[in-house]
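Here's the letter readout for the chains.
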Amino acid sequence: MRKELGKWLMDIAKYLTTAVLLSSVFNDIKESWIIYFVVSIAIVLTLLAGLWLVRERRIIWEQLSCQCLFL
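Residues numbered from 1 in each chain as written. Predicted model: local features only at pLDDT ≥ 70, side-chain atom pairs only at ≥ 80, totals over all residues. Heavy atoms only, no water.

Undergrad: Can you explain the confidence of the model for the protein? Please cite residues and give values.
TA: When pLDDT is averaged across the protein, the result is 81; 77% of the residues are at 70 or more. Element-level mean pLDDT values for the protein span from 60 in helix H3 (residues 58–70) up to 89 in helix H2 (residues 32–54). (pLDDT = per-residue confidence, 0-100. Helix = DSSP H or I, 4+ residues; strand = E, 2+ residues; numbered from the N terminus.)

Undergrad: So, the pattern of salt bridges: which residues are in play, and what are the values?
TA: When the charged atoms of two side chains lie near each other, side chains of opposite charge can form a pair. Enumeration over the complete set of coordinates arrives at one salt bridge. Its salt-bridge partner being Asp11, residue Lys14 comes within 3.1 Å of it at the nearest N-O pair. Residue Lys14 and its partner Asp11 are located together in helix H1 (residues 2–26), separated by three residues, close to a single helical turn. (Salt bridge = Lys/Arg side-chain N within 4 Å of Asp/Glu carboxyl O.)

Undergrad: So, the packing of aromatic side chains: which residues are in play, and what are the values?
TA: Applying the stated rule across the entire model yields zero aromatic pairs. Here Arg2 stacks its cationic end above the ring of Trp52, 5.1 Å away from the centre of that ring. (Phe/Tyr/Trp six-rings, centres within 6.5 Å; stacked < 30°, edge-to-face > 60°. Lys NZ or Arg CZ within 6 Å of the ring centre and 35° of its normal.)

Undergrad: Would you mind going over the side chain of Thr46 in detail, with residue names and values included?
TA: Secondary-structure assignment places Thr46 in helix H2. For Thr46, the side chain forms a polar contact with the main-chain oxygen of Ile43, separated by 3.1 Å. Among all residues touching Thr46, those that are not within four sequence positions of it are Leu9, Met10, Ile12 and Ala13. (Polar contact = N/O pair within 3.5 Å; in protein donor to acceptor, adjacent residues only side chain to side chain. Contact = heavy atoms within 4.5 Å.)

Undergrad: Explain the packing of H1 against H2 to me, using residue names and the numbers behind them.
TA: Relative to each other, H1 and H2 sit at 160 degrees, their axes nearing to 7 Å. Classified by the interaxial angle, the pair formed by H1 and H2 is roughly antiparallel. Once H1 is placed against H2, the crossing between them reads as left-handed. Across the contact of H1 with H2, the residue classes break down as 17 nonpolar, five polar and three charged. (Axes fitted to C-alpha atoms, helices over the stretch in contact; angles between N-to-C directions. Parallel < 35°, antiparallel > 145°, perpendicular 65-115°, else oblique. Left-handed = near helix turned anticlockwise from the far one by under 90°. Nonpolar A, V, L, I, M, F, W, Y, C, P; charged D, E, K, R; others polar.)

Undergrad: Could you give an account of a nonpolar patch on the surface, with specific residues and numbers?
TA: Together, Trp33, Ile34, Phe37, Val38, Ile41 and Leu45 make up a nonpolar patch on the protein surface, roughly 640 Å² of accessible area in all. Take Ile41: its relative accessible area is 38%, and that puts it in the partly exposed class. (Patch = residues over 30% accessible without salt bridge, like charges linked within 9 Å, V, L, I, M, F, W, Y side chains within 5 Å. Areas by Shrake-Rupley, 256 points an atom, 1.4 Å probe, with all protein chains shown as cover. Buried < 20%, exposed > 50% of the residue type's maximum accessible area, 1.4 Å probe, protein only.)

Spelled out as structure tokens, the structure:
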């Protein structure tokens, strides 16, 4: 479930990037820097959230078990 949500969030980041690039090519927006700034933040946040949800948790458990063995 977490991986699917992560993949979905990464897709949303790609769609936002595509929408901004296409709209900048076809339209003349007066306050374009505001739109680019807000969308860039949204892209970064959704991409990071997606990558965080997709990550492998197995590595963390292996590191914790190794540390417990040495204690």
